[in-house]
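Secondary and tertiary structure notes
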Amino acid sequence: MSGLIKFLSGYLLSKSANANSFDDTIIKEYRKYGIDEINIDTINIDEIIKIFTNNPKHIIISGSAGDGKTYILRKIYTTLNGCIDGWSDNGNPAKIKTTNYTIVFIKDFSQEESKKEILNKLKTKTQNEYYFIAANDGILLDSLEECGEIGLRNEILNAIENYAQNDLFYFWHLSSLGSAFKIEKIIEVILNRFKKYEVDCPSLSDDSIFCPIHENIKELEKIKEQVVSLIKQCDYNHNFITTRKLFDLVANVILGVKKYQKNERKLQYFESCEEAINAMKNKPKLDACIYNNLFGENLNNVEDSKYKHYNYLQEFKIGYETNNTIDDFLMYGDIKNNYLYAKLLDNKYITFENFYKIKDSFFNSNNDNKEQIQNELFSSLNFFKKFLFFRKIKQNGLDFNDLSIYHHKESYENNIIFKLDKTKDENKLDIDSDIISELSSGLNRVFTGALLEASGGEIFIVKNFVKTNHKHSNELFIKISVDDLEIISKFKKDSVSSDYVPKIFLKFSSYNAELMLDLHMFEFLMRVANGMLPISFSREYYERVIGFKTKIISQINQESHFKNNKISVFKVDYSTGEDKVTNINIKSR
């Protein structure tokens, strides 16, 4: 057996600490196990070198812990230097000297004692020494503030928030890069590594042997497009996952297991096929199932902040979202075609014999073990809902898109994402009128406290007589035509990377107020427009919409609102369902 599985387990956050020197650690692991390095270049190294060579300036690679900042810096160093010699030099900064200048590589700005000296260098246009720095966003900004470098701090903050460059340095922010393209590369490379290195597992030649590691590999090959799509939806919500955590995710999907006792240790992962095969002889196969591991359900402390990427995925409610048709199908089967029912649900984790026994016990259970049987049935149904969702099975009128919280994901992609013009920094999207109409209906229902069903071509900016954010608002402030509702995108054009995720906003052409239109907001407004969604779906997003309305109101001249000593009151005639506006005269004392 190769060392690939042990090497891959080194990426697991449940096994190893998220050390600052993880890049150095992983280099040693490659050499130890004789594994080819897994290269996930999030930005174009050759293009960075080309830009620097044409116009030398300092370079800052910024991002969160685990974004791959040190890895990118190491790749730049080895490309310029021709080899890795000199990169690890007892903690001293690596340097490359040319006839014209010296490049100093700061692998981890947070570990540097001479932060102020380095920051002073960044302020200076130089011709003989340039700094290439890997820096955590927060630490870099805090250090600048502590050193009193407010101007430079604002320059870097502007670079982070608005993708801006300046005359002093080049700046690339890795945390703004999408996660989907990274996990697609990671999955592809790891699947290929298993084909190359892991060929001796007995389960590969004997179907009677169950190896959860290789079974998960087979399933990952089948559902990889769905996994990438799921991560892409995280990107749409600007819930970016670092490269380090994406490696953890894929490693846990393959190696993860629940409640595994190894000698004196309790582990949440396997380190070899042999131990995985032996352990699963006495454990339920669901304990090491890819469909549970993907959501971190094998982990004891998934609420820990280091596992936030699993929290993002759990927000999709896959395995919990359902509809009556799907529940009936799972519980009672396809009466007309029982063979089809068995074929759709066939898998290696739960046998039909066991599933039928669980269902039969549920319908005929006594009070003594009713809770246990309910838990077993819930666990089985939870698995099958995930299985159907990821296998993208559509049959006999069953829409398995209902197994995720995002019922309007395809509409968001087709009508918003696919209409982005990535050649422009900022552009107005040409959106179908039907989508604009539904979004405006959603806005109206939130703005008026669900008093208004349809937009009728107008959006009502209303407020309570005392507050602008009151739940039920009925004082008409202004009407805005639906034609003034725009969807715009702000995008970074960059030859170094094409994977920056655009920011998309709803706005009115006449007012300087914007509402971020991520996937969750789109889902929120579309569901509200259809009268399907309570506020509890997302209190945060409800508050965002109210905040959007408040910004518009604050921009309108308050005095003009009381023109002619009148207040316009918005009411609904419940007998007809039509809205009416009544003017109330204000008498001066």
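Just above, that's the structure.
Report follows, based on the coordinates. All values reported here derive from a predicted model rather than from experimental measurement.

Definitions and limits used
Residues numbered from 1 in each chain as written. Predicted model: local features only at pLDDT ≥ 70, side-chain atom pairs only at ≥ 80, totals over all residues. Heavy atoms only, no water. Helix = DSSP H or I, 4+ residues; strand = E, 2+ residues; numbered from the N terminus. Buried < 20%, exposed > 50% of the residue type's maximum accessible area, 1.4 Å probe, protein only. Contact = heavy atoms within 4.5 Å. Areas by Shrake-Rupley, 256 points an atom, 1.4 Å probe, with all protein chains shown as cover. Axes fitted to C-alpha atoms, helices over the stretch in contact; angles between N-to-C directions. Parallel < 35°, antiparallel > 145°, perpendicular 65-115°, else oblique. Nonpolar A, V, L, I, M, F, W, Y, C, P; charged D, E, K, R; others polar. Salt bridge = Lys/Arg side-chain N within 4 Å of Asp/Glu carboxyl O. Core = buried A, V, L, I, M, F, W, Y, C linked by side-chain atoms within 4.5 Å. Phe/Tyr/Trp six-rings, centres within 6.5 Å; stacked < 30°, edge-to-face > 60°. Lys NZ or Arg CZ within 6 Å of the ring centre and 35° of its normal.

1. Overview of the overall build of the chain
- In terms of regular secondary structure, the chain is built from 22 helices and 15 strands.
- When burial is assessed residue by residue, the chain has 52% of its 589 residues classed as buried.
- Within the chain, contacts between residues separated by at least 24 positions form 68% of all contacts whose residues are at least 6 apart in sequence.
- Split by element, the accessible area of the chain, about 28,300 Å² in all, is 44% carbon and sulfur.

2. Examining the environment of Ile 223
- Summarising the element assignment, Ile 223 is placed in helix H9 (residues 212–236).
- Once residues lying within four places of it in the same chain are set aside, the contact partners of Ile 223 are Ile 290, Tyr 291, Phe 390 and Arg 391.

3. Things to note about the packing of helix H8 (residues 180–197) against H9
- Where H8 contacts H9, the two axes come as close as 8 Å, and the packing angle between them is 170°. Classified by the interaxial angle, the pair formed by H8 and H9 is roughly antiparallel. Contacts from Ala 180, Ile 183, Glu 184, Ile 187, Leu 191, Phe 194 and Lys 195 of H8 reach H9 at Ile 213, His 214, Ile 217, Leu 220, Glu 221, Lys 224, Val 227, Val 228, Ile 231, Lys 232 and Asp 235.
- Partitioning the contact of H8 with H9 into residue classes produces 11 nonpolar, one polar and six charged.

4. Comments concerning the pattern of salt bridges
- All chains considered together, the criterion is met by 20 salt bridges.
- In this structure, Lys 222 and Glu 219 form a salt bridge, with 3.7 Å as the shortest nitrogen-oxygen distance. Taken together, the positions of Lys 222 and Glu 219, both in helix H9 and three residues apart, correspond to about one turn of that helix.
- On the basis of relative accessible area, Lys 222 is assigned to the exposed category, the value being 51%.
- Connected through shared salt-bridge partners, Asp 23, Glu 37, Arg 74 and Lys 75 make up one network.

5. A look at the nonpolar core
- Formed by 135 residues in total, the largest nonpolar core has its most connected members in Ile 213, Ile 254, Phe 390, Leu 443, Ile 487, Leu 517 and Phe 524.
- Here this core gets 10 residues from one element, more than from any other, and that element is H9.
- Discounting residues that sit within four places of it in the chain, Ile 254 has contacts with Leu 8, Ile 190, Phe 194, Pro 212, Ile 213, Asn 216, Ile 217 and Leu 220.
- In terms of nonpolar packing, the next biggest core, distinct from the first, is built from 27 residues, Ile 48, Tyr 101, Phe 132 and Ala 134 among them.

6. Remarks on the packing of aromatic side chains
- Following the criterion strictly, the structure yields 34 aromatic pairs and no others.
- Residues Phe 7 and Tyr 30 carry aromatic rings whose centres are separated by 4.7 Å and whose planes lie at 35° to one another, so their mutual orientation is tilted. Of this pair, Phe 7 sits in helix H1 (residues 4–9) while Tyr 30 is found in helix H2 (residues 22–33), placing the two residues 23 residues apart along the sequence.
- By relative accessible area, which is 1% here, Phe 7 ends up buried.
- Through a chain of ring-to-ring contacts, three or more aromatic side chains come together here, namely Phe 210, Tyr 291, Phe 295, Tyr 349, Phe 355, Phe 383, Phe 384, Phe 387, Phe 389 and Phe 390.
- The ring of Tyr 170 carries the charged tip of Lys 57 above its face, separated from the ring centre by 4.3 Å.

By themselves, these figures tell us nothing about what the structure is for.
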